[in-house]
Each structure stands twice: as structure tokens, then as C-alpha cells.
Amino acid sequence: EFPIKRNAKSTYLKANESITLNFKNPVKETFKRSLLGISLSTLLILTVISCLFYLLNIIKHQKQLSEVKNDLISNITHEFKTPIATIGVALESIKNFNVIDNKEKTKTYIDMSSTQLSKLNTMVEKLLETATLDGENLELQKDKHNISEVVKTVVEKHKMQNDKLVSYDIDYNVFIDIDVFHFENAVNNIIDNAFKYGGNQIDIQLKSEPSKIEIAISDNGNSLTKANSNRLFEKFYRVPKGNTHDIKGFGIGLYYTKKIIEKHSGTIQILLDKNKTTFKIVLPNE
């Protein structure tokens, strides 16, 4: 109870008469009458705040897309200019410097042009392949394969081309239904990234369990941050390094890898430790 009492002092009252008004909790009564207005105001405020956060999220997303687009254009320009310039120089040499009669030089320029055209073709195929991954047009041709040999072959290829310390612990004769072409490319992308961006020590593990198969590719690099790792599988995303282009690429390798692993009903994730970066692939052992 919150009683309020008020006595009337009217001149119309007789000497022995009085009028008294009693109010029971006027605050509560006022709140009840204002409840609808307060509720609507609160709802409106929450709606406005939600819209503001939604708009900020859209703006942030658009900014990220703009950055990715600019990076992609920059990367494509950088990647395509080199082979095109090389082919142009080779053709100009054949045309203007009288090397057409020199079979050895002519063959050298033609081989150079052929190599650069092959690189251009590979780049275009990667971009087209990425577009295919977004739809359901890519159908995997699965067959039973020994993924132990697939992983080992990829590792050995990179060991021959690099001087980094490489160790692996692979369970042998692990057979599973895969599209060997796409699966090998997916694993190759991760191992290639480890050699390009990782530390000096690279470890590869393949473990077979009754219900799953785990492939872990680790290196002792620590340059990757959590913020970057969360976006590493996005299409066309590359870890920012200013305007430098010390390592070539379009930023579609890990996006491609993730899509291929998912099409094999598997998962892939990045595990960051203090001095260790691990890409972990888990596939169902069916």
C-alpha cells in the first residue's frame, strides 16, 4: 500500500462535515495506465538499435568485399602482366631481331611463350574452377584410393623443391572413396601454403581410426593471427601484406580446399598454438 490522504477544505461544508480522499498507490496506477506507451517506446528503441547494428554489419561486410575486390584486381593484374609481357618480348624478338633463321633461338623463344601461355591457362582454369565450386555443377568422380600414397607423393614433391625440415607420420594403406584429382589438389594447397608461409619445420600426420581419418599438416610458424585465420577460407582472401607481392596467388587455394573437403563429407579447421599452426582435415572412414 502507498496511501495518500487529502482532506477537502471547502466553504460549502458544515462545521461537523468533512470530505477525505484516499489514494491507493498512485505510482502503480500511473504505471499501469502508461504500460502500453512504455512498452511501445521500448520496442521502438530496441528496433532502432537493432537496425543500427544491422547497418553497421552490412557496412563492415561491404568494406571487406571492397578490400577483397581490390586485392583480387591487384593480384590478377600482377599475375597476368608477367607472362603477357614475357610472351610479348619473345614474339617481338622473333619478329624484329632476325632470329627466325636461328632455329635454336627461335625454339627458345617459342618454348618460353608456350610455358607462359600454360601458366595463363592454369590461372584462368583456377578462376573458372572456383566459379564452378559455388554451384552444384561440380560432380566428384569418387573411387577407392590409397590416400596414404596420395599424401606421401605430395609431400615428397615439395621436399624436393624446398630445403625445409619435413617429417611425417603416416598410417599406410588407408583406403577411402575420393575423387583423387581434386583431393590431391586440396591437400597440395595446404602443404604448399605450409612451405610458402610456414616456419622451417613442417610435420604431416595421417591417422586412421574406425570412424574417421585425420590429416594434420603443421608448421612452426606463428605469423598467422586469429583474426586472419577466421577469414583464411574465404574466396579471394589473402593475408594482408601491404602492397608487396612476394608470393603469387589469387587467394582461392584454401577456399577450393575447404569446398572439396566438404564435398567429401569432411571438415577442415585451423588450430593456432603459440609456436605452431595446424590445418586439420577430418574425413569419415566409411
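Described in the following lines is the structure provided in the data block. (Residues numbered from 1 in each chain as written. Predicted model: local features only at pLDDT ≥ 70, side-chain atom pairs only at ≥ 80, totals over all residues. Heavy atoms only, no water.)

1. Topic: the pattern of salt bridges
Spelled out, the test is: We define a salt bridge as a contact between a side-chain nitrogen of Lys or Arg and a carboxyl oxygen of Asp or Glu at a distance within 4 Å. In this text, helices come from DSSP runs of H or I with a minimum length of four residues, and strands from runs of E with a minimum of two, each type numbered from the N-terminal end. Each residue's exposure class comes from its accessible area (1.4 Å probe, protein chains only) as a fraction of the maximum for that residue type: buried when under 20%, exposed when over 50%, partly exposed otherwise.
Scanning all chains against the criterion turns up nine salt bridges. Between Asp 169 and Lys 207 there is a salt bridge, and its shortest N-O distance comes to 2.8 Å. Residue Asp 169 is found in strand E4 (residues 165–170), and its partner Lys 207 is found in strand E6 (residues 201–208); the two are separated by 38 residues along the sequence. Note on Lys 207: relative accessible area 31%, which makes it partly exposed. Where Lys 212 meets Glu 214, a salt bridge forms, and the shortest distance between an N and an O atom there is 2.9 Å. Overall, Lys 212 belongs to the partly exposed group, its relative accessible area being 28%. For Glu 214, a relative accessible area of 19% corresponds to the buried category. Three or more residues joined by partner-sharing salt bridges are found here, namely Asp 169, Asp 171 and Lys 207.

2. Comments concerning the pairing of E6
Heads up, the rule is: In this analysis, strands are considered paired if DSSP registers two or more bridges between them.
In the sheet, E4 pairs with E6 via six bridges, with the strands oriented parallel. What sits directly across from Ser 167, in E6, is Asp 203. With seven bridges connecting them, E6 and strand E7 (residues 212–219) associate as antiparallel partners. What sits directly across from Gln 205, in E7, is Ala 216. Where E6 hands over to E7, the hairpin turn is made up of three residues, counted between the paired strands.

3. What to know about the sheet that holds strand E8 (residues 267–273)
Formally: Orientation is described by lines fitted to C-alpha atoms, with helices fitted over the stretch in contact, and by angles between N-to-C directions that extend from 0 to 180 degrees. Contact criterion: two residues are considered in contact whenever any of their non-hydrogen atoms come within 4.5 Å of each other.
Strands sit in the order E4-E6-E7-E9-E8 across an open sheet of five strands; the sheet is mixed. Every interior strand has two partners, whereas the edge strands, E4 and E8, have only one. Within this sheet the neighbouring strands show an average axis-to-axis angle of 15°, counted without direction. Sheet topology places E7 next to strand E9 (residues 276–284); eight bridges connect them, and they run antiparallel. Pairing of Glu 214 across the sheet is with Val 282, part of E9. Packed on one face of the sheet, helix H3 (residues 147–161) meets E4, E6 and E7 and runs near 175° to E4. Lying over the sheet, helix H6 (residues 253–263) contacts E8 and E9, oriented at roughly 130° with respect to E8.

4. Quick word on H3
Owing to its 3.6 residues per turn, the α-helix brings residues three or four apart onto one side. Our working rule: The span you would expect from a helix comes to 1.5 Å times its residue count less one. Within 3.5 Å is the distance limit for a polar contact, defined as a pair of N or O atoms, with the added protein rule that one can donate a hydrogen and the other accept it, and that residues adjacent in sequence qualify only through two side-chain atoms.
For H3, with 15 residues, the first-to-last C-alpha span of 22 Å sits near the 21 Å given by 1.5 Å per residue. Each element contacted by the buried residues of H3 is listed here: strand E3 (143–146), E4, strand E5 (175–178), helix H4 (180–197), E6 and E7. Two or three places before Ser 148, at the opening of H3, Asn 146 has a side-chain oxygen 3.1 Å from that residue's backbone nitrogen.

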